[in-house]
Amino acid sequence: MDRSGNTAGTGSGEGPELCDECGVLASAREQVVLRVPDSSAVDTDPRFDGERLLRACGRPHLVRLAVAYQRRPFVVEELWAGQITRAVRLLGPLADEEEMYDRVVAVTGLDEEQLMRAAAWQDSRGRPSGPAPA
């Protein structure tokens, strides 16, 4: 899926899921799903980064959810910040900052400019990107 399109369908077939709109438990047969662009969505599987899977108990609720996400801007720096956070968590403690930087670049595929833009975005939201104060 490209970042401007949506993909929709019926339930995953895996079993009941909660409706993201009202919280009711919908059977696999009743639920409808839609994948929408969302820069805050970072998945355990990087192929789905930037996409959120919405689940609803019916089409009216899915439409309401989709409209809400359609209004939300896609901010690529937000996506990168999430990818960096995931990489740091996966890597765990490393010997030094240079090693961490090199490994984060390798894991995320981001370049220095993208890392700096992501850090600036995160800092502008009141969430410091650097190490915690001692």
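For the structure itself, consult the block above.
Report follows, based on the coordinates. Only a predicted model underlies this, so the values are computations on that prediction, with no experimental measurement involved.

**Looking at the overall build of the protein chain**
Line of reasoning, step 1. On a plain count of helices and strands, the protein chain comes out with four helices and five strands.
Line of reasoning, step 2. Here the protein chain, with 134 residues, has 31% of them falling under the buried criterion.
Line of reasoning, step 3. For the protein chain, the share of sequence-separated contacts (at least 6 apart) that also reach a separation of at least 24 residues comes to 53%.
Line of reasoning, step 4. About 8600 Å² of surface is accessible on the protein chain, with carbon and sulfur atoms providing 52% of the total.

**So, the pattern of salt bridges**
Line of reasoning, step 1. What the rule picks out here adds up to ten salt bridges.
Line of reasoning, step 2. One salt bridge connects Arg 86 with Asp 49, and the closest N-O pair in it is separated by 2.7 Å. Of this pair, Arg 86 sits in helix 2 (residues 76-91) while Asp 49 sits in the loop between strand 4 (32-37) and strand 5 (51-56), and the two are 37 residues apart along the sequence.
Line of reasoning, step 3. A residue is classified by how much of its surface remains accessible, and Asp 49, at 3% relative accessible area, is buried.
Line of reasoning, step 4. Across the pair Glu 113 and Arg 117 runs a salt bridge, and its minimum N-O distance is 3.8 Å. Here Glu 113 pairs with Arg 117, and both are found in helix 4 (residues 112-124), just four residues apart, close to one helical turn.
Line of reasoning, step 5. Accessibility expressed as a relative area gives 52% for Glu 113, which makes it exposed.
Line of reasoning, step 6. Counted as one network, the salt bridges with shared partners bring together Asp 38, Arg 52, Arg 72 and Glu 78.

**Quick look at the nonpolar core**
Soluble globular proteins tend to pack their nonpolar side chains together in the buried interior.
Line of reasoning, step 1. One finds Trp 80, Ala 81, Ile 84, Leu 91, Met 100, Val 104, Leu 110, Leu 115, Ala 118 and Trp 121 forming the largest nonpolar core, which totals ten residues.
Line of reasoning, step 2. Among the secondary structure elements, those contributing two or more residues to this core are helix 2, helix 3 (97-108) and helix 4.
Line of reasoning, step 3. Examining the composition of this core, we find that four residues originate from one element, helix 2, more than from any other.
Line of reasoning, step 4. Beyond its immediate stretch of four places on either side in the chain, Met 100 contacts Val 88, Leu 91, Gly 92 and Leu 94.
Line of reasoning, step 5. Ranked by size, the runner-up nonpolar core spans nine residues in total, among them Cys 19, Val 32, Val 36 and Leu 62.

**Some details on helix 1 (residues 59-71)**
Counting along an α-helix, one turn takes 3.6 residues, and residues three or four places apart therefore face a common direction.
Line of reasoning, step 1. The first and last C-alpha atoms of helix 1 sit 19 Å apart over 13 residues, in line with the 18 Å expected at 1.5 Å per residue.
Line of reasoning, step 2. Among all positions in helix 1, only His 61, Leu 62, Leu 65 and Ala 66 are buried. For helix 1, the arc enclosing every buried residue in end-on projection is 135°, short of the 170-degree limit, so these residues lie on one face. Looking at helix 1, the residues exposed on the side facing more than 90 degrees away from the buried face are Pro 60, Gln 70 and Arg 71.
Line of reasoning, step 3. Packed against the buried residues of helix 1 are strand 4 and strand 5.

**Some points on the pairing of strand 4**
Line of reasoning, step 1. Counting buried positions over the six residues of strand 4 gives six, a clear majority of the element.
Line of reasoning, step 2. Burial along strand 4 is two-sided: Val 32, Leu 34 and Val 36 and Val 33, Arg 35 and Pro 37, pointing in opposite directions, are all buried.
Line of reasoning, step 3. Where strand 4 meets strand 5, six bridges bridge the pair, whose relative direction is antiparallel. Bridge pairing links Leu 34 to Leu 54 in strand 5.

**Focus: the side chain of Thr 108**
Line of reasoning, step 1. Along the chain, the position of Thr 108 falls in helix 3.
Line of reasoning, step 2. A distance of 2.8 Å separates the side chain of Thr 108 from the backbone oxygen of Val 104, its partner in a polar contact.
Line of reasoning, step 3. There is a polar contact of 3.1 Å between the side chain of Thr 108 and the backbone nitrogen of Leu 110.

Cut-offs used in this document
Residues numbered from 1 in each chain as written. Predicted model: local features only at pLDDT ≥ 70, side-chain atom pairs only at ≥ 80, totals over all residues. Heavy atoms only, no water. Helix = DSSP H or I, 4+ residues; strand = E, 2+ residues; numbered from the N terminus. Buried < 20%, exposed > 50% of the residue type's maximum accessible area, 1.4 Å probe, protein only. Contact = heavy atoms within 4.5 Å. Areas by Shrake-Rupley, 256 points an atom, 1.4 Å probe, with all protein chains shown as cover. Salt bridge = Lys/Arg side-chain N within 4 Å of Asp/Glu carboxyl O. Core = buried A, V, L, I, M, F, W, Y, C linked by side-chain atoms within 4.5 Å. Expected span 1.5 Å × (residues − 1). Arc of directions from axis to C-beta. Pairing = 2+ DSSP bridges. Polar contact = N/O pair within 3.5 Å; in protein donor to acceptor, adjacent residues only side chain to side chain.

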